[in-house]
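An overview of the molecular structure
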Amino acid sequence: MELDMTQYLDVFLEESREHIRNLNSRLLELEKNPGETSGLNEIFRSAHTLKGMSSTMGFVGLADLTHHMENLLSELKEGRMQVTSRAVDILFACIDRLQIIIDNIDGGNKLSGDNSELIKALETIRTGQTETAAAETMRIERASEPSENIPVKSPRGMIYNDYDITILKEALSRGFNVQYLKIGVAPNSMMKAVRVFMVFKALEEAGEVIKSDPSAQELDEGKFDDQFDLVYICQGDLNLVIERINQISEVKLLQNQNLDPTVLTVTEPTPQVVPKLTYQPAGDQADQNKIHHMKQTVRVDIERLDKLMNLVGELVMHKGRLEQIGSAYKLEELNNTIEHMDRITSDLQAVVMKVRMVPVEQVFNRFPRMVRDLAKELNKEVDFYIEGKETELDRTVIDEIGDPLLHLLRNALDHGLESPQQRLLLGKPGQGRLYLRAHHEGNNVFIEVEDDGAGIKTGKVRARAVENGLLGKLEAEQLSDEAANMLIFESGFSTADIVTDISGRGVGMDVVKSKIEAMNGEIIVNSRSGSGSLFRIKLPLTLAIIQAMMVTVQNEIYAIPLTSVDETTMISIKDIKNVQGQEFITLRGSILPLLRLARLVDLPEDGCDSEEIYVVVVRKGSKQFGLVVDTLIGQQEIVIKSLGKILDDIPGIAGAIISGDGNVCLILDITTLF
Amino acid sequence: MNLSNTNETENQKMIQVVVFHLAGVEYAVEITYVEEINRFMNITRVPHAPSYIEGVVNLRGSIIPIINLHKKFNLAGQKFDNYTRIIVFKINDILAAIIVDKVSEVIFLDVANIAEDTQFFSPINAEVIEGMVKVEDRLIILLDLMKLFD
């Protein structure tokens, strides 16, 4: 029988990943408390389930590896072996391997690669320490293996209602074969739902399943023991159907008998909703009784969500246009309608935004393992705490935040936390603490990485800044500690020897910062030498909708993200100072370089400055600049659109928006504009 | 869809093309790539973009780059008028458009008649030219849109 397993592949992948996550976190716990073996049961169960699932799906390599893991785990579980760090390490390596195999399967690559080394390592550990278990069989149940000896349990009485009986009677009167089937599934079968699906599929090729006990939904969810009962009607040769069922592995027809509906009695009230009924075998109407889908959630292609987001953006934009018309022509009725529409669109926008939100957990989950591995490698001891992983962020932000966080955590472990000996000498507990926190605040999400390690040695940072020519000596001395610490984000600092003697804390910090700024976020660091550092990242909830200042230059309109704008002001042309061809203005005592937007966007300067000019004060990194524009249109909420692949990397342009009149306006990217 | 575009008889393989004008010369692109043909729309200039990018337009909510073949091929300056058309095409899931002086017709070409000899063109142009076709006494240059992106 041909079965389309792809339908179950998604379920398989998702469940496997869940088990791998479970394995990872349980194993981490076990490593922390090797004496606490209760978690081992969970680990064993996860490994066992994985094994069963993968052999059902025909992924032999995966099944083989999990089988060997299971062998070792059962030794540990039974207490025949001690939980050693070596065993844990090997198990972690196996989990990584499982992850890779599953990713490969997801990518369409069914080959599992060579696991023999891991298996050998598992066996060495196991046999090296125990003899008793060596004799255990290495047999792996394959999906194709026919199952025998399915125990027959006494049937539960099928419950019929009026409606069922009418159908059955009618079916019988039309010459259909009405059958009562008892079907057994091997008790050790994994993914029973798949077996059920196969049975239903085989049956519905020739007829229709009228009733089942347990219900179709329960069957679908695998909620039954080892057998289930069906009432089945068909027209063709029953033997053929029986044969089909018996061909399914791990499934056996235990009993079948003709059912005489006339002797049935109603045991259940007729349901209120009576589905329509026709008597064709299989086909369209089979849907009525067909298996309902398992999950309450719907998986949606991200692209569709993006599209939805785009459409909502456009709707919002046109609503803006309508508002303009309404107020221009003072049409009260129109304005009332627009008001309603306004509410609906903003609700709609909020809903769509929410749909795109994902908990940061998705990113955070991979860190405990990484922290554990790295700490081990660096011979450090660390307690890693994650808080607020349920905090939600837009998918676009989630995709980008992983790498910077990884970097920060790695730095904290490598350069922040001292070795246990050092810590004890300093009067700190030997075990370092590392926190990863997330929480909402208004329209922002804050993510913090904190350690109680050595902190930033501000003096060294200053010295380094002078050395690199970033600051003059005097300047460096005058700098507050806080400002000095921020220097680690400058690109000149990504070398060794700044903070600790091992290597620099500044490794790639400039990259971290620019990545976060690219997301319209901010990062600050609070650190006290000797007592640890706190990196605080502020992120917008979404990258898709931002506030922007709309400006014009000549006849072009540009949007400047408000995150880059400090203020707008109007200055008199007389106040512009010209030093060596560079214009400057003074704004409340500070001197800002003045840049002409027209020149920055390659427009020929018209040279006819009026007496007063508009200046948008923008911030690039820690420096302020004055941007000369012709007029200010005002602040607007804009929906960012990409310029597409061809114009992806144009410097100075962050994307585009579609304005109320349907034209395209460009969004300036201040960080790359000049 | 494909059936209507290619019309295969015994030894003939025909392709359907859109014929348009650039500085008085006739060019053609295969119709399978063409999504739609529009009148001139408001184009937003993109600073710092390659010179042959005329700008971007809003096509029902999607932002589409407009390639100016006059500039790409170093042809005489182009003026936008009532005949100006924007041919939107899609290749490898990328939507883009070319702006042309005039779209004249949609015709079938016999593949066998396409001369691939492009030695007469300047090297820059030759890259995007698939070949030349003689239709009666007209000479039509067939463009390879795929190569416009490189």
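Per chain, the residues get numbers from 1 upward, laid out in the order the sequence is written. Chains carry letters from A onward and ligands carry numbers from 1 onward, assigned in written order. Thresholds applied to this predicted model are a pLDDT of at least 70 for local features of residues and 80 or more for the giving and counting of side-chain atom pairs; totals over whole chains, interfaces and linings are not thresholded and use all residues. For the side-chain quantities, the full set of heavy atoms in the structure was used; hydrogens and water were omitted.

1. What to know about the packing of aromatic side chains
Think of it this way: a Phe, Tyr or Trp ring, Trp meaning its six-membered ring, pairs with another when their centres are within 6.5 Å, and the plane angle makes it stacked under 30 degrees, edge-to-face over 60, tilted otherwise. Tallying each qualifying case throughout the model produces 7 aromatic pairs over all chains. Geometrically, the ring pair formed by A:F625 and A:F674 is edge-to-face, given 4.7 Å between the ring centres and 70° between the ring planes. Of the two residues, A:F625 sits in strand 19 (residues 623–629) while A:F674 sits in the segment after helix 21 (670–673), which places them 49 residues apart along the sequence. For A:F674, a relative accessible area of 26% puts it in the partly exposed group. Taking 4.7 Å as the distance between ring centres and 25° as the angle between the ring planes, the aromatic pair formed by B:F40 and B:F80 counts as stacked. Of this pair, B:F40 sits in the loop between strand 3 (34–39) and strand 4 (53–59) while B:F80 sits in the loop between helix 2 (69–72) and strand 6 (85–91), placing them 40 residues apart in sequence. Taking relative accessible area as the criterion, B:F40 reaches 35% and is therefore assigned partly exposed. Members of the aromatic cluster, joined through ring pairs, are B:F20, B:Y27 and B:F73. For a Lys NZ or an Arg CZ to count as sitting over a ring, it must be within 6 Å of the ring centre and within 35 degrees of the ring normal. When the ring centre of B:Y52 is taken as reference, the NZ or CZ atom of B:K72 above it lies at 4.1 Å. Secondary structure elements follow DSSP: runs of H or I of four or more residues count as helices, runs of E of two or more count as strands, with numbering from the N terminus. Per-residue accessibility, obtained with a 1.4 Å probe over protein chains only, is compared with the maximum for each type, and a residue is labelled buried under 20%, exposed over 50%, and partly exposed between these values.

2. Re the interface of chain B and chain A
Contact definition: two residues touch when any of their heavy atoms are within 4.5 Å. Chain B puts 19 residues into the contact, and the matching count from chain A is 23 residues. Here's the idea: put two parts together, see how much 1.4 Å probe accessible area each one loses, and the total over both is what we call buried area. In total, chain B and chain A occlude about 1800 Å² of area from one another, counting both sides; carbon and sulfur atoms represent 65% of this. For chain B, the biggest contributors to the area lost against chain A are B:R45, B:H48 and B:I63; these three give 37% of the whole. We define a salt bridge as a side-chain nitrogen of Lys or Arg found within 4 Å of a carboxyl oxygen belonging to Asp or Glu. Connecting chain B to chain A are 1 salt bridge. B:R45 is paired through a salt bridge with A:E556; the nearest N and O atoms lie 2.7 Å apart. Any pair of nitrogen or oxygen atoms within 3.5 Å is treated as a polar contact; in protein, a donor-acceptor pairing is required on top of that, and neighbouring residues in sequence qualify only through side-chain atoms on both sides. Taken together, chain B and chain A are joined by 6 residue pairs in polar contact (both at pLDDT 80 or more). Among the secondary structure elements, those contributing two or more residues to the side of chain B that touches chain A are strand 4, strand 5 (62–68) and strand 7 (94–100) of chain B. Of the residues forming the side of chain B that touches chain A, the biggest block, 4 residues, is contributed by strand 4 of chain B. Class assignment for the residues of the side of chain B that touches chain A results in 12 nonpolar, 5 polar and 2 charged. Amino acids are sorted into nonpolar (Ala, Val, Leu, Ile, Met, Phe, Trp, Tyr, Cys and Pro), charged (Asp, Glu, Lys and Arg) and polar (every other residue, Gly among them).

3. Describing empty space enclosed by the protein
Residue and element names in this part refer to chain B. Residues are called lining when one of their atoms sits within 4 Å of a cavity or pocket point, these points coming from a 1 Å grid over the protein atoms alone, where a cavity is a set in which a 1.4 Å probe fits but cannot get out and a pocket is an open set with protein on both sides within 12 Å along at least five of seven lines. Grid points are joined across faces, edges and corners, and a volume is the space filled by probe spheres set on the points. Following the criterion strictly, the structure yields 1 cavity of 30 Å³ or more and no others. The space that makes up the largest cavity amounts to roughly 50 Å³. Lining the largest cavity we find E30, Y33, E130, L142, L143, D144 and L145. Tallied by class, the residues present in the lining of the largest cavity amount to 4 nonpolar, no polar and 3 charged.

4. Some remarks on the side chain of B:E54
Residue and element names in this part refer to chain B. Here E54 lies in strand 4. Within the structure, E54 has its side chain in polar contact with the side chain of K71 (distance 3.3 Å). Those residues within four positions of E54 in sequence are excluded, and the remaining contacts are I43, T44, R45, I66, N68, K71 and F80.

By themselves, these observations are geometric and do not establish any function.
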